[in-house]
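Chain by chain, the residues run as shown.
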Amino acid sequence: MLEELKEQVFRANLQLVEYGLVVLTWGNVSAIDREKGLVVIKPSGVPYSAMTADDMVVMDLQGNKVDGKLNPSSDTPTHLELYRKFDNIGGVVHTHSSWACAWAQAGVDIPAYGTTHADFAFGGIPCTRGLTEDEVNTEYELNTGRVIVEEFAKRGISPDEIPAVLIHRHGPFTWGKDPFKAVENALILEEVAKMAHRTEAVASLSENSNIGIEQYLLGKHYLRKHGKNAYYGQ
């Protein structure tokens, strides 16, 4: 079932290792077949070196296992909530990449400081509110997805324009049109998180520092790569 999508999700998960975005089993990639309403996701706790495409697990959007001999990722309810609420996404990634996690653990948004960030996202990367004790103790992973959706709605931002989020005290999620784009966005997020930290460190050395990208420059860089009038690339 969904053999081609299983292969894609398997290869996208291996990219997390290739790009240095995960250690041990600390990450997962999923993808959705929108026509069938089915999601393929990495199995829980299986080492990347031992994993095969056949190990991928197929779930429906209600959280029922449809195909697969292993248990799905423990983060599956978060992925499913994102697919249910963000209609245009085709792949989701969760990692514990260290630079993005540092911002998440601090509970701080990643500000847009320059054009590298602007090429990626149309604004800062939001950090969600912290989950309550009740939310942690009851349907934790589902509530993680809910606070992501809540944060985007509260701020009036689009998941199409900002393809990443930080979970307070936890780590990043990214998404894209397919699992490979979602992994690419996870890699970019890690780089902009690193750059933002270094920008603040450099700025702290000068009384005359002036950080924070101008809105017109952010818009120029974002829109030349995204949207109907984009002209970057072939």
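Residues numbered from 1 in each chain as written. Predicted model: local features only at pLDDT ≥ 70, side-chain atom pairs only at ≥ 80, totals over all residues. Heavy atoms only, no water.

Novice: I'd like a description of the environment of Ser73, backed by residues and values.
Specialist: Along the chain, Ser73 turns up in the loop between β4 (65-67) and α2 (76-85). Excluding residues within four positions of it along the chain, Ser73 makes contact with Asn28, Ile41, Lys42, Pro43 and Ser44. For Ser73, the side chain forms a polar contact with the side chain of Asn28, separated by 3.2 Å. (Helix = DSSP H or I, 4+ residues; strand = E, 2+ residues; numbered from the N terminus. Contact = heavy atoms within 4.5 Å. Polar contact = N/O pair within 3.5 Å; in protein donor to acceptor, adjacent residues only side chain to side chain.)

Novice: Report on the side chain of Glu81, specifying residues and quantitative values.
Specialist: Looking at the element boundaries, Glu81 is found in helix α2. Look past the residues within four positions of Glu81 in its chain and what remains in contact with it is Leu142, Gly145, Arg146 and Val149.

Novice: Quick rundown of the packing of α2 against helix α6 (residues 140-155)? Include the residues and the values.
Specialist: Each pair of packed helices can be summarised by the angle the axes make with each other and by the distance between the axes. At a minimum axis distance of 7 Å, the contact between α2 and α6 shows a crossing angle of 35°. Considering only the axes of α2 and α6, their crossing is right-handed. For the pair α2 and α6, contact is made by Pro77, Thr78, Glu81, Leu82, Arg84 and Lys85 and by Glu141, Leu142, Thr144, Gly145, Arg146, Ile148 and Val149, respectively. For the contact of α2 with α6, the residue count by class is 5 nonpolar, 3 polar and 5 charged. (Axes fitted to C-alpha atoms, helices over the stretch in contact; angles between N-to-C directions. Left-handed = near helix turned anticlockwise from the far one by under 90°. Nonpolar A, V, L, I, M, F, W, Y, C, P; charged D, E, K, R; others polar.)

Novice: Could you give me a rundown of the sheet that holds strand β5 (residues 91-95), with the residues and numbers involved?
Specialist: As a general point, the strands of a sheet are linked pairwise by backbone hydrogen bonds and lie either parallel or antiparallel. Taken in spatial order, the 7 strands line up as β4-β3-β2-β1-β5-β7-β6 in an open sheet, and their pairing is antiparallel. The open sheet is flanked by β4 and β6 (164-166), the only strands paired with a single partner. Neighbour to neighbour, the strand axes of the sheet diverge by 25° on average, direction disregarded. Across the sheet, α2 touches β1 (27-33), β2 (38-41), β3 (57-60), β5 and β7 (172-176), and the angle it forms with β1 is around 40°. Sheet strands touched by helix α7 (residues 179-203): β1, β5, β6 and β7. Its angle to β7, the strand with the most contacts, is close to 135°. (Pairing = 2+ DSSP bridges.)

Novice: An account of a nonpolar patch on the surface is requested, with residue identities and associated values reported.
Specialist: On the surface, a nonpolar cluster with roughly 340 Å² of combined accessible area is contributed by Val23, Leu24 and Trp26. Following the sequence through the fold, Trp26 ends up in the loop between α1 (3-18) and β1. (Patch = residues over 30% accessible without salt bridge, like charges linked within 9 Å, V, L, I, M, F, W, Y side chains within 5 Å. Areas by Shrake-Rupley, 256 points an atom, 1.4 Å probe, with all protein chains shown as cover. Salt bridge = Lys/Arg side-chain N within 4 Å of Asp/Glu carboxyl O.)

Novice: Now, about α6: what can you tell me, with residues and values included?
Specialist: In this model α6 runs 22 Å from its N-terminal to its C-terminal C-alpha over 16 residues, within 8% of the 22 Å that 1.5 Å per residue would give. Looking at α6, one finds that the buried residues are Leu142, Asn143, Thr144, Gly145, Val147, Ile148, Val149, Glu151 and Phe152. Residues of α6 that are buried sit in contact with α2, α5 (133-137), β6 and β7. Once α6 ends, the next one or two residues include Gly156, with phi positive near 65°. (Expected span 1.5 Å × (residues − 1). Buried < 20%, exposed > 50% of the residue type's maximum accessible area, 1.4 Å probe, protein only.)

Novice: Got a sec to walk through the nonpolar core? Specific residues and values, please.
Specialist: The biggest cluster of nonpolar side chains holds 31 residues, and the ones touching the most others in it are Leu82, Ile125, Ile148, Leu166, Trp175 and Leu189. The set of elements that each furnish at least two residues to this core consists of α2, α3 (98-106), α6, β6, β7 and α7. Counting residues per element, this core draws most heavily on α7, which supplies 4 residues. Among residues more than four places away in sequence, those in contact with Leu189 are Ala100, Ile110, Phe120, Ile125, Ala164, Leu166, Pro172 and Thr174. Counting 22 residues, the second largest nonpolar core, distinct from the first, contains Val40, Tyr48, Met51 and Met56. (Core = buried A, V, L, I, M, F, W, Y, C linked by side-chain atoms within 4.5 Å.)

Novice: I'd like a rundown of the state of the cysteines, residues and numbers included.
Specialist: The tally for this structure, following the rule as stated, stands at 0 disulfides. No disulfide involves Cys101; its nearest neighbouring cysteine sulfur is the one of Cys127, lying 11 Å away. A relative accessible area of 4% places Cys127 in the buried class. (Disulfide = S-S within 2.5 Å.)

Novice: Now, about the packing of α1 against α7: what can you tell me, with residues and values included?
Specialist: Running from N to C, α1 and α7 cross one another at 15°; their axes reach a closest spacing of 9 Å. With respect to their mutual orientation, α1 and α7 come out roughly parallel. Our pair here, α1 against α7, has a crossing hand that is right-handed. Along the contact surface, α1 presents Gln8, Arg11, Ala12, Gln15 and Leu16, while α7 presents Pro179, Phe180 and Val183. Of the residues in the contact of α1 with α7, the class split is 5 nonpolar, 2 polar and 1 charged. (Parallel < 35°, antiparallel > 145°, perpendicular 65-115°, else oblique.)

Novice: Talk me through the pairing of β2; I want residue IDs and the actual numbers.
Specialist: Of the two faces of β2, the one carrying Leu38 and Val40 and the one carrying Val39 and Ile41 are both buried. Sheet analysis places β1 next to β2, joined by 4 bridges and oriented antiparallel. Across the sheet, Ile32 pairs through a bridge with Val39, a residue of β2. Pairing of β2 with β3, which is carried by 4 bridges, proceeds in the antiparallel orientation. When the bridges of β3 are listed, Leu38 appears paired with Asp60.

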